Each structure stands twice: as structure tokens, then as C-alpha cells.
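# Survey of secondary and tertiary structure
For reference, the chains in residue letters:
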Amino acid sequence: MDSIIKKICAGDVRSASRLIRDIEDKIPEARAKIKKLYAHTGKSFIIGITGAPGAGKSTLTDALITELRKQNKTIGVLAVDPTSPFTGGAILGDRIRMQRHAEDTGVFVRSLATRGALGGLSHAAGNAIHVMEAMGKDIIIVETVGIGQQEIDIINHAHSVAVVLVPGMGDEIQTMKAGLMEIADIFVINKANRAGAKQLQTELTSMLNLSPKTADGWKPPIVIIGDAFKPDSFAEDIAQLAQKIEEHHIYLQQSGKLTERMHRKAMAEIKDALAACLLEPVLESLTVSGELEHFAEKIKSRKADPYSVAEEITQRFFKNQDKK
Amino acid sequence: MYFSKEMQEASLKLNKKWADKVQKSLKTNPDQKERFTTVSDTEIKRLYTPEDIKDINFAEDISVPGEFPYLRGNQVTGYRGRHWTFRMFSGMGSAQDTNHRWHMLLREGQTGLSTAFDFPTLMGYDSDSSKALGEVGKCGVAIDTLEDFLALMEGIPLDEVTTSMTINPPATVLFAMYCAVADIKGVPLTKIGGTIQNDMLKEFIAQKTFMCPPEPSVKLISDTVEFGTKFVPRWNTISISGYHIREAGSTAVQELAFTIRDGIEYVEDVIRHKGLNVDDFAPRLSFFFNSHIDFFEEICKLRAARRIWAKIMRDRFHAQNPRSMWLRFHTQTAGCSLAAQQPYNNVVRTTVEGLAAVLGGTQSLHTNSLDEVFCLPSEHAAELALRTQQILAEETGVANTIDPLAGSYFIETLTNEIEEATWDYIHKIDDMGGMIAAIEKGFPQMEIADASYKFQRQLENSEKIMVGVNKYSTNKQHPIPLVEISEEIGDQQIKRLQDVRRKRDSRAAMKSLDNIKNACKKGENVMPHCIEAVKNLATLQEICDVYREVYGEYRDPGLY
Amino acid sequence: MPERKIRVMVAKPGLDGHDRGARILARCFRDAGFEVVYTGCHQTPEQIAAAAIQEDVDLVGLSCLSGAHRVLFPRVVEILREKDAQDITVIGGGIIPEQDFPALYSSGIKAIFTPGASLDSIVEWIRTNIKPH
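Residues numbered from 1 in each chain as written. Chains lettered and ligands numbered in written order. Predicted model: local features only at pLDDT ≥ 70, side-chain atom pairs only at ≥ 80, totals over all residues.

Let's shift gears to the nonpolar core. Counting 266 residues, the largest nonpolar core has Val 188 of chain A together with Val 36, Ala 52 and Val 60 of chain C as the members making the most contacts within it. Those residues in contact with Val 36 of chain C that lie beyond four places of it in its chain are Gly 89, Ala 90, Ile 91 and Leu 92 of chain A together with Val 8, Val 10, Ala 26, Phe 29 and Arg 30 of chain C. (Core = buried A, V, L, I, M, F, W, Y, C linked by C-beta atoms within 7 Å. Buried ≥ 20, exposed ≤ 12 C-beta atoms within 10 Å, placed from the backbone. Contact = placed C-beta atoms within 7 Å.)

Residues and elements named next belong to chain B. Splitting chain B by domain gives domain 1 (68–460) and domain 2 (493–551). For domain 1 versus domain 2, the separation of C-alpha centres amounts to 27 Å. Of all the elements in the fold, those that place two or more residues in the side of domain 1 that touches domain 2 are helix H5 (146–152), helix H6 (171–185) and helix H8 (214–231). (Domains from an automatic or database assignment. Helix = DSSP H or I, 4+ residues; strand = E, 2+ residues; numbered from the N terminus.)

Before going further, it helps to examine the pairing of strand S1 (residues 45–51) of chain A. Residue and element names in this part refer to chain A. By the criterion of burial, S1 is predominantly enclosed, with 7 of the 7 residues buried. The side-chain alternation of S1 yields two buried faces, one formed by Phe 45, Ile 47, Ile 49 and Gly 51 and the other by Ile 46, Gly 48 and Thr 50. In this sheet, strand S5 (residues 139–143) lies alongside S1 in parallel orientation, the contact comprising 5 bridges. Looking across to S5, one finds that Ile 49 is bridged to Glu 143. Taken together, the 5 bridges between S1 and strand S6 (residues 160–165) define a ladder with parallel strand orientation. Paired with Ile 47 across the strands is Ser 160, a residue of S6. (Pairing = 2+ DSSP bridges.)

Many analyses report the size of an interface as the accessible area lost when the parts associate. Every contact between the two is made by 29 residues of chain A and, on the other side, 30 residues of chain C. Listed by contribution, the elements that provide at least two residues to the side of chain A that touches chain C are helix H2 (13–24), strand S3 (90–92) and strand S4 (107–113) of chain A. By residue number, the principal contributor to the side of chain A that touches chain C is H2 of chain A, which donates 6 residues. The residue makeup of the side of chain A that touches chain C, split by class, is 12 nonpolar, 8 polar and 9 charged. (Nonpolar A, V, L, I, M, F, W, Y, C, P; charged D, E, K, R; others polar.)

Here we take up helix H22 (residues 540–551) of chain B. Residues and elements named next belong to chain B. Between its first and last C-alpha, H22 extends 17 Å over 12 residues, near the 16 Å set by a 1.5 Å rise per residue. All of the buried residues in H22 are Leu 540, Gln 541, Glu 542, Ile 543, Cys 544, Val 546, Tyr 547 and Tyr 551. Where H22 is buried, its residues meet helix H4 (119–123), H6, H8, helix H20 (506–522) and helix H21 (527–535). Just downstream of H22, Gly 552 is the residue with a positive phi angle, here 90°. (Expected span 1.5 Å × (residues − 1).)

This paragraph deals with the interface of chain C and chain B. Listed by partner, the interface residues are 29 residues for chain C and 31 residues for chain B. Looking at the side of chain C that touches chain B, the elements that each hand over two or more residues are helix H1 (20–31), helix H3 (69–82) and helix H5 (119–129) of chain C. When residues in the side of chain C that touches chain B are grouped by element, the largest group, 5 residues, is from H1 of chain C. Of the residues that constitute the side of chain C that touches chain B, the class distribution is 12 nonpolar, 10 polar and 7 charged.

Here we come to the domain arrangement of chain A. On domain assignment, one finds that chain A holds domain 1 (42–255) and domain 2 (270–323). Each of domain 1 of chain A and domain 2 of chain A has a C-alpha centre, and the two are 38 Å apart.

What follows covers the sheet that holds strand S3 (residues 163–165) of chain B. All names here are of chain B. Taken in spatial order, the 9 strands make up an open sheet running S5-S4-S3-S2-S1-S9-S8-S7-S6, and their pairing is parallel. Sheet topology places strand S5 (235–236) and strand S6 (238–241) at the edges, where each strand pairs with a single neighbour. Bridge count for S6 against strand S7 (residues 285–291) is 4 bridges, and the pairing is parallel. Across the sheet, residue Ile 240 finds its bridge partner in S7, namely Phe 287. Its contacts with the sheet place helix H10 (residues 252–274) against S6 and S7, and it is angled at close to 145° to S6. (Axes fitted to C-alpha atoms, helices over the stretch in contact; angles between N-to-C directions.)

Next up on the list: the sheet that holds S3 of chain A. What the 6 strands build is an open sheet, ordered S3(A)-S2(C)-S1(C)-S3(C)-S4(C)-S5(C); its pairing is parallel. This sheet does not close on itself; its edge strands, each paired only once, are S3 of chain A together with strand S5 (111–113) of chain C. Sheet twist, expressed as the mean angle between neighbouring strand axes with direction ignored, is 25°. Where strand S1 (residues 7–11) of chain C and strand S3 (residues 59–64) of chain C come together, 4 bridges link them in parallel fashion.

This part is about unusual backbone geometry. Of note, the bond from Phe 68 of chain B into Pro 69 of chain B is cis; its omega dihedral lies within 30 degrees of zero at 5°. With respect to the element layout, Pro 69 of chain B can be found in the loop between helix H2 (58–62) and strand S1 (85–90). In this structure, Lys 191 of chain A is a non-glycine residue whose phi angle is positive, near 55°. Residue Lys 191 of chain A is classed as buried on the basis of its C-beta count, with 22 C-beta atoms lying within 10 Å. The phi angle at Tyr 472 of chain B is positive, at roughly 55°, despite the residue not being glycine. By secondary structure assignment, the location of Tyr 472 of chain B is in the loop between helix H18 (443–460) and helix H19 (488–503).

A separate point is the packing of H10 of chain B against helix H16 (residues 409–432) of chain B. Residue and element names in this part refer to chain B. The N-to-C vectors of H10 and H16 enclose an angle of 50°; their axes lie 9 Å apart at closest approach. Accordingly, the angle class assigned to the pair H10 and H16 is oblique. Crossing of H10 over H16 shows right-handed handedness. In this structure, H10 contributes Ala 252, Val 253, Leu 256, Ala 257, Ile 260 and Arg 261 to the contact, and H16 contributes Ile 418, Ala 421, Thr 422, Tyr 425, Ile 426 and Ile 429. Considered class by class, the residues forming the contact of H10 with H16 number 10 nonpolar, 1 polar and 1 charged. (Parallel < 35°, antiparallel > 145°, perpendicular 65-115°, else oblique. Left-handed = near helix turned anticlockwise from the far one by under 90°.)

This is the structure:
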């Protein structure tokens, strides 16, 4: 086995973090390493945490780490923050709230910037999860950006998704309704000491009662998390959340839904890989040769239509493939 | 402000004439820049005229000293009876070192003491905590137990000199130590005077010296207010501070607004939880402002502060006692306005800032030393800074008359504008549900972060100028001697602390810590238990650990 | 297409909470197109080094205004070395008297920026001296 692969499988943070970096930077050698690593992945339980900015996702993640460490679970965290579309830079600040675990060797927190991805994660998230899986982390928590309402990428990666809501964002429920129900396995009403928590709970409950999802055996529970500044009661609330996540895990295993989700995940991974192996090289070569610009000009001036262009490109590239 | 319609017409005519001339002149003599702004980026007009203050009602809006709205000061005689207090912030190394510096300052004519503690003390850690690594005695004096505090106060007459202590999360402990020292020396608590800063909200907003979450932090503050009101009547149990908000990069208006809104929060909490009447304790509330480099803006800020607070006390809290409406404050010149380049320039900056504080009517003043951008002040630099304010007081004549700039078209206009912008912020924070709620949302923190980033950018592209930094810079060096705090001071302090732990009656110390814990859990006032605990030589951290255990720890939410 | 991004960390070791400079720098680095991990105030050298390794940053910028830099800055470098991460560059800033520079440089701090240093000069230094891993 490659020494890097060996090191990662032994839990070495330096090697793992460096590989994640190579994946983010799309270094070609990274793909070869993922291929070698793949056999060692797939054993971790993956939790997604999503919700609007300011909902307290990082604070919850931090508290969950504390709780899960009590159970001696090893943990990986991927925290995603947005890349500025103007400068390409990003401030990755989620880990501030998790810094008290920095020295705990059972916890590995890695921040990712979206780098233009729109689904609430980063293009590198899937493979970064694999790296953490190969490290042998029992649990991997993925914290999404929380900016848009299209944060659906997480369901392709996580086994259980917790959607975090806070009182005073009632309108949000309405706009997020459809998407929310689709992705939530667990609802969290965070900062429930604030005004409006009861109302939020009522709304959510009635929404859940109307949902067809109740028919398939799992009704997303609503976990109420109170004041993070009340250490004792907060810890109890978090234990409750961990308990619900565990119950969902058991449900997935017993109902066969886990295999279903693994299947869905495999499908998504094939699509991603195809995009990486087919589409990206094509686009790259067209960009380098300047043809992409040329095609765009033709389409702009109505000398060609996008479909004909795409067909022409496809034919050419498949021919090349045949020749090889 | 006009006395007749004719006067207004004549004045407007002149304004018009001038404006026309300006337009003509600009064609041949263009302005040096497009916008002329204060350091807070408030735009200033080329000229102010009677038209700008035409709506001012002298009796209601300006009035005379000692009368509502106290714009012109609380004292009817101004600085003629006594100058502002010369109060230089100082503390370094061990308690003995600091005591030595204090005696020097008192000999040189300082009239009040002001204590700087080191970071472990400020954060509630003992000198031998792993968190204290490299920090002991560096930024101020290290205090672990009552033994240190006794050494600090050696030879200081507690019933004559007032002492200010810049201490926040562990304020109960240091206040308790002061009371314990008074007891030991046989000075009644009714005779001692001083101030503890004890303003936690600004820590969450700006300075980040925090320990417990906001709510219990405010509870501990209310404990000291209650205890002070009942037993230590000459003590200012809270100094509501804008200084650090400004140093964190806020504008003048943000400094004023967040500070005043913090004050409202404290008053509400004491009334709600301690059952005190506003007039019982409001006269002992004190404030602490920054005096930055923009001369007029600072004067107007301080004047506006008095008028706003008086209105809040009268209209919001229905105070009856005029003293409740007085905004009394200490001022420090702006550390963040000083530059490491060409450090002697700092003396000039400090002089201008000190002058602004005096013209704004401060009750007490610290003037920064020229070397404070590098390290703690040297003895010579501290003396020069003290002399700076003594020259202002004794030679310049600026204290001869009260509020000398009142009535200026510009000063009154800017005072009004600052007041209005301040009310906007106060109302906004009211709408959020108060300051604690606003802090949880990160509102004041982000407002300050935005302002400081904007200023830094303006400095980078020379929209704002710092002499010697981004203009008139030179390679010529005029180095100044710097104070170095040796690492050995930490070792000695740790040894002293461990000696105390060895020789004390540990059972008694632990018992009194238990009493504090019980008081915390029951919501009782912790102060009497703290005094007992420090007398039993419980350490600063041991007491703070009780708070952390019961109330939880607050950690930097890292807003950027 | 492969694209090496500069990743940096801004950290405040010690107990002082004067984070104006650190926060301004974090924003400035973002605007320069870097990915910036910010760790907040009151960090121990151990926490900072561990985070730097987990985040695989190219550079750690330390900010300290309390005078504890003499002990804390070298300690961060030392721990990174112990953990075989000496390729992570460490620079420092804050209230640092010139007389402390030689000791800091010889402990492995690569650059020191004091109040008045322009943001552009810091970004420029990073662009010149840091090649992303």
C-alpha cells in the first residue's frame, strides 16, 4: 500500500488534511489516491447539519462532539463556509466554536470553502468524507453553508440530516417547506428559550402531520434545544439530540433504508465521477484551445445552436476515445 | 436661535453671497479632496452658520451648568473649585512593583489611583494556570490572593485616595479584596471610595475579556451594585465603558450609543432583580469614554452623552434625583490613535485628545504615554503624560470658563447630529429586545467590525492620514527606551502564590468557596461570601472557577 | 482545472482579546483571494498548532498585544516542529518591540508586522514568500 494511504488509514491527520487539500485544489494525483483509499471507506455514520446562517449549527456541532466523545466515538467534522464570488477568498470561521476540541486527537475538524458550488457543500465534500472514513472516524458531521434554500447536496452524502431552525424565522418555514421536508430526518428547534419557539413547534408539527413521510415508518422528531448559556440543561438537550440521531441510525439499519441510502449515494457518486472524468476534461481542453469562446460567439450570433455544438463536441471526443 | 425675522433674512443673504463666492473660488482653487470627514467618517460642512442652529431652544436644549439637560456639565462651578482628577492607569509586574510606581505618581501630583491588572487576573486565572503562560505581570499587576492585594495597597491611605480598578469578570473578587483590606486596616467601608469597571456587556461587544455568559455576568454586576449601594456608598460599582468599544474600531456614535444602551441594560436589571429604586443607585453609576484624535467630534460626543443620559434617566426611568441624571465620566486618550512610527508624535496627539476631553467636561483623565504602543509606560514617559494634563489644567487657561465652545454653530450642530444618530442605534437595539439580545445576534460586534475595516481601508488608500505612518514617513529613527518585564516576575509570583496555598487554612478556604457556590445557585448576593473567601485566602481563580462551574463558560463566538 | 489556493490561519494566542487587527486581517486576506481559517481569541499554542495541521494551512499569522509574544510565538513554532509540520510558515504581529525581533526570528518566526504595517504589505509578503503546499 502507498505510504500516504497507509498513514491515512492509521489516522494520520497531516496526510489526511493534505489529501483533502489536493482534492479541493483538483490536483490530478488526488484522484489516484482516492481510488486506492476507496476500499477503506464506507464504514462511518454520516450526519448532516443544515439550516440558515445564525441558526447555531456550529455551536450544536461543538456540543454534539462533546456528547459523542463521552461515548468514546471518534469524530470527523467538515464545516463548509461560502467562497466570496468577487475575490475567490473565504473566511472559514465555523471552527472557532469547536476550538476547545482542537487538542483532542479523537476529533478532526476540517473547514472547506464552497469554491463556487451551489448545493450547500463543496465539490470536495464527498471525497473529503471518504478521507475521514478511511481514517476510521466513527462519526462524520457535515455542516453545510446555510445560505440558500437549495441545500440538497447533503442528502447525497449523509445518512441522517438534522435541519436546524430558530424561532423568529417563521417565514422561512413557508419558503423552505418543500425542500425541508425532503431532506430532514430530524428537526431541531434551536435557541428555544427565545420568543416564538412554541409557535414554531406548532407549525412544524402540523406540517409533519400532513407529510406523507409518516407512512414509511419514520416520522422526523422535533428536538428542542434551549439556552446554550445554561450548561446543565443545554447538555441534556444535546444528549437528547444525539439519542434521536442514534435512533434514526438504528431505524435505517433495521428498515433496510440504510442500503437504500447507500445506493442513492453510489448513484450520486457515479454522476460526480462521470462529470469529473468526462465533462471537466472536455471543458478544460476546449477552454485551453480557445474553442469554447469560439462556440460561444457562434451561438451568440445565432450561427449555431447549443445542441448542435454539444453534439459536435461529443462526437469529436468519443471518436478520440475510440482511437485510443 | 434668531431673535427676529429680519436677522434671519440678513443672515441668509450673507450665506448666499458666501456660497456664490465659494463656487467662483473653487474654479481656480479646488479643494484638496472631495470629502471632508471626521475620523468616524461623518461628513463636515465647509461652514456652519446661524441657520444650522435656528431650531435650538437655549433654555431647553443647552441651558446652564447644573441644570437639565446637563449639556454644559453637572457642576455649577465647573473646574474652578477643583480640576478633573489626574488619574493615570498603571500597574506592572508584582504588587510591590506597582505599589512603588503608585507612590511615585502620588508624589508627582496625581490625585487618584487607577489599576491595570495583568491578563490572567483580568480573565480570572491564577498565575500558575497553564492559560497564564507568558502573561504574568506583563500588561499590569498580577493579583492571586489577598496577600498580593495587601502589598499593592501598602502605605496608601484608603480613606483619602480613591482607587479605580479596571477589572471585569472577576470584579466581585477584587471589590471584595478592597473591602477586606479596608477591614484589616480598620477603615470603615463607608469611608473608602473608588471604582470597579465591572462592565461586562462591552466585553462581549468589544474587548473579549469574558468568563461567564451575558446573563449571569449581569447578575454578578447587579450584586456589586446592590452591595455598594447598601454598604459602600462612596464606591462607583460600575464604570460603563465606551473606551474599549472605540479601541475595537467603532465610530464615535457607535461608542456613545452602545455604551449608553449598555447602561440602560444594567439599570433595568438592577431595578428588576434587586428591587432598588432608580434613585438609590443611579447617582453612583459612572462612565468611561475614549478621547480620539478628531478634536471637535470628541468634544461634541461628550457633550451629547450628558444630554442623552439625562433624558434617559428622566423620561425612561423617571428618576427624581438630579444626581441620577448626571453622567459622570472618566476619559482616556485613544491608544489606537498612537503610532509606533515616530513615537514622539504621540505626545502631541495625546495633548490634543486630552484637551478635547477637558473641553468636553470630563471628571477624570488618563493621558497616554508615548511608549504605550510598544509596552507598559516607562517611569519617564508616565511622568511626561501626567505633566501633559497638568499643563492643560494649570497653564492653558482652558479650564477658566465652563463649556467654552457652547453656542458655536458648528459645535451645537455636530452635538445634535451625534445625539440623533445615537438615538437611532438605541431604538434599534430596543427593538431587538435589548443589548443582551443584540449581542447574541452579533449586532454591535458586526457594526464595529465593519467600521474598523472601513477605516483601515481608508488608511490604506490615504483617504485618512496618520502622520509618520502613511504620510511624512521617514527612515530616520529616534528610538525611545522601552520597559521590559522580565519572565522571572512570573516565576516569583507563582512561588508566592504556592506559598500562600501551603500556609493557609485550606478547610476554611474551601468552605467559603462552597458558600459562594450556594449563593450562586440560590441567586443570592455573592459579595459577603466573596469577602469571607478572600480573607480565608481563597485564590482569584478558585472563586472564578466556582462561577464557571455554576454559570458556564462563554467562549469567543468569533464574529468577523 | 487544478488551482492551488493559499490557505492561511489567523490566530490569537494568549489571553488578550484585542482582536481588531486579527479580524481586519482575516477580511483583508479573504479579499486578497485567500482561504482564511480564523480561530478566535484566547487560544493556547497547542490549540493553534493542532488547528493549523488539521486545516493544512500554508501560513499561520499570530496576533498578540499583551506582551506574551516572547513566550507564545516561539512555542507555536516549536509544537509545529514537534509534529513534523515545520513547512507551515509562522508570522507574527501586534505590539512587539523591535528589541524582541532577533529572538523571535531565531525561534523560527519568519516575519513580524507591527502597528502601522499596511495590509497590502502583508498580503504582498505572503504572495512572495508562500508557495501553496
